[in-house]
Amino acid sequence: MTTTWPDFTETDAAALVTRLRKVHRSGRTKPLAWRRAQLTQLRALLTDNRKDIADALWADLHKSPNEVDIAEINLTILEIDDYLEHLEEWLAPQPAEVDVPHLPEGTTAHTEFDPLGVALVLSAWNYPIYLLLTPVAGALAAGNAVVIKPSELAEQTSALLARLIPAYLDTDAVAVVEGGVAPTTALLAQNFDHIFYTGNGTVGRIVMRAAAEHLTPVTLELGGKSPVFVDRDTDIAAVAERIASTKFSNAGQICVAPDYVLTDPETAQALTTALAQVVQELYGDDPQTSGTYGRIINERHFDRLTALLGSGRTALGGQSDRTEKYIAPTVLLDVQPDEPVMQEEIFGPILPILTVADLTEAIDFINDRDKPLAVYAFTDNDTTRTRLITETSSGAVNFGLPVFHLTVPTLPFGGVGESGMGNYHGRYSLETFSHRKTVFNVPLN
Ligand code: NAD
C-alpha cells in the first residue's frame, strides 16, 4: 500500500511555524502545569490505544504485540514517568557561586532552563512510536511548541499518530505533519529553534545544511556499524543468547543492533553453533512462520540486504522471500573486511563474524572505521574492558547486554562522529530542548 498525503508546501510550513511561535511567545507552553498536562496526555495516548498501536506496527513491521508493549509503549512511558516524577526538581534554578574579586560584594547568579521555542522532531520508522514520542516528551517537558513528522515509511503507524496526537495533545502548540521528502523539505526551510532528527547520515547532512541557514541547533541520532568483541573463555552459550536476542529482534532493524562480531577463529566456530541453537529456540525451525520474527520495512531495504548475503560463507539462515520481505536470521563466517556486508551499516538480520588475532587487532579494526553508536564486548577481563573504554570512541560502551543501555532514562543516548551529535533521554532531553540561561544580579551600591 502506498499512501498519498495532502500537499504540504513551504507556505503551509511557514504558516504553521508562525502560528506555533505565536503560541509559544504567548507563554502558554511554559508553565509546569501545561508541561505536566501534556506529558500525562501523552501517557494516556499510549495506554488507551495499545491495541491500535500493536495493529499498526504489525502491519508496518510484523512487530509482535509483546515487543510493541515493551519496546514501543512501556519504554516511552518510562521516559514520561521520569519527567512526571522529576521535572519540577530539574527545572529549579541552579545557584552558581560568584566568588571573583573584581565584582561588588553581594553579587549573585543562577542558571535556569529556558524553553527554546518551536522544535521540529523528524523520526525514523524502525521504532516509530518510541523514537518519535521520546524526543517529543523531552521537547514538551522543556516547554516548547513542537512540529512532529513521523516517518512515512511506517505508514500505518504514521496515520495512527496523526489521528491520536491532536486528540490528546494541545493542538495550539503541537502539530503533526505527515508525508515524505516534500513536506520534510518544506519544514526544513523554516526557522526552528531546534531540529531533532533520527535516521541515516545522508539525510542527517541535509537536515544540518538546512539548519545552518537559520543557525538552528540540531540533534542527529544516526547509526553505524556497532561491533561486538567476544573474548575467548567467556560463556559462549550466554553470549549467543544475548547477541541473537538483540541482533535478530525487529529483524535487525535497530540503530544499536550488534552489526558484526570480532573474535578469534575458535570462538567464531563455537559462537556460530551456539547462535544456531538460540535462533531455533527463539523462532523455531522456520522463523518465517514464527509469530515473533519481524519483516523488512520495504522492498528497497530488502533488496539492499539480500545483496549483502553473498559476503563470506553462510553458516546459518540465508533464506529470503521478497513477497513477504522476509530474511532469515543469518550468520556469515569467514567474512573479509573488504566485502559488501562490511561497507555499510547492515540494519537487518545478517550477522558477519570476522576473526582477529587479539584485542589490539580488534581495537585497530574498530578505530580504522567510523565511530560507532555503540561498542559491545563480552569479556571477564578488566584490562580488556579498560582498553575498550579508553582506546575506542563510540556513543556508548556496553559490556554484557547489547542495545539495553538505551532503555535507561538516566543515561544520555546519542552518537559521536558519523553516529551522530547531541544526546537525549530523561534530563538529557531537557538539556537538549532548553537553553541553560545565566541570570546575573549585581547590587548597584
Ligand atoms: P531514514 O528514516 O533515515 O530515511 C528516510 C527518511 O528520510 C524518510 O522519512 C524520508 O522522507 C527522509 N528523506 C529522504 N530524503 C530526504 C531529503 N532529500 N530531504 C529530507 N528528507 C528526506 O531511513 P533509513 O535510512 O532507512 O533509516 C535507517 C537509519 O536510521 C540507520 O542508519 C539507523 O541506524 C538510523 N537510526 C538511528 C537511530 C538512533 O536513535 N540513533 C534510530 C533509528 C534509526
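Computed from a prediction, not measured in an experiment: that's the story for all the values here.

## Considerations on the sheet that holds strand β4 (residues 145-149)
Strands sit in the order β5-β4-β3-β6-β7-β17 across an open sheet of six strands; the sheet is mixed. Each having just a single partner strand, β5 (174-176) and β17 (420-421) make up the two edges of the open sheet. Lying over the sheet, helix α1 (residues 10-25) contacts β3 (118-122), β4 and β5, oriented at roughly 150° with respect to β4.

## Here's the deal with the domain arrangement of the protein
For an interface, size is often stated in terms of accessible area lost upon the parts coming together. What the domain assignment lists for the protein is domain 1 (10-222 + 415-441) and domain 2 (226-407). Of note, the centres of domain 1 and domain 2, computed from C-alpha atoms alone, are 31 Å apart. The junction of domain 1 with domain 2 conceals about 1,800 Å² of combined surface from both sides, 60% of it contributed by carbon and sulfur atoms. On the domain 1 side of the interface with domain 2, the three residues burying the most area are His62, Trp125 and Val416, jointly 28% of the side's total.

## Side note on the nonpolar core
Judged by nonpolar contacts, the single largest core of 142 residues is most densely connected at Ile243, Val256 and Leu271. Looking at this core element by element, the count peaks at eleven residues for helix α4 (residues 65-91). When residues of this core are sorted by domain, at least three fall in each of domain 1 (10-222 + 415-441) and domain 2 (226-407). Those residues within four positions of Val256 in sequence are excluded, and the remaining contacts are Ser226, Leu373, Ala374, Tyr376, Val403, His405, Leu406 and Phe413.

## Details of the side chain of Asn49
Relative to the assigned elements, Asn49 resides in the loop between α2 (32-48) and α3 (50-61). Reaching out from Asn49, the side chain makes a polar contact with the backbone oxygen of Leu45 at a distance of 2.8 Å. Setting aside residues no more than four positions away along its own chain, Asn49 makes contact with Ala44, Leu164 and Tyr168.

## Quick word on the site of the ligand
As a matter of local geometry, the ligand sits amid 24 residues, with Glu152, Asn200, Leu222, His301 and Glu345 nearest to it. Within the contact set of the ligand, an oxygen atom lies 3.2 Å away from a backbone nitrogen or oxygen of Gly199. A distance of 3.4 Å separates a nitrogen atom of the ligand from a polar atom in the backbone of Glu221. About the coverage of the ligand: the protein hides 88% of its 850 Å² of free accessible area. Among the elements of the structure, α7 (181-188), β6 (194-198) and α8 (201-213) are those that each provide at least two residues to the shell around the ligand. When residues of the shell around the ligand are assigned to domains, at least three map to each of domain 1 (10-222 + 415-441) and domain 2 (226-407).

Definitions and limits used
- Residues numbered from 1 in each chain as written.
- Predicted model: local features only at pLDDT ≥ 70, side-chain atom pairs only at ≥ 80, totals over all residues.
- Heavy atoms only, no water.
- Pairing = 2+ DSSP bridges.
- Helix = DSSP H or I, 4+ residues; strand = E, 2+ residues; numbered from the N terminus.
- Contact = heavy atoms within 4.5 Å.
- Axes fitted to C-alpha atoms, helices over the stretch in contact; angles between N-to-C directions.
- Domains from an automatic or database assignment.
- Buried area = accessible area lost by both parts, 1.4 Å probe.
- Core = buried A, V, L, I, M, F, W, Y, C linked by side-chain atoms within 4.5 Å.
- Buried < 20%, exposed > 50% of the residue type's maximum accessible area, 1.4 Å probe, protein only.
- Polar contact = N/O pair within 3.5 Å; in protein donor to acceptor, adjacent residues only side chain to side chain.
- Near = heavy atom within 4 Å.
- Areas by Shrake-Rupley, 256 points an atom, 1.4 Å probe, with all protein chains shown as cover.

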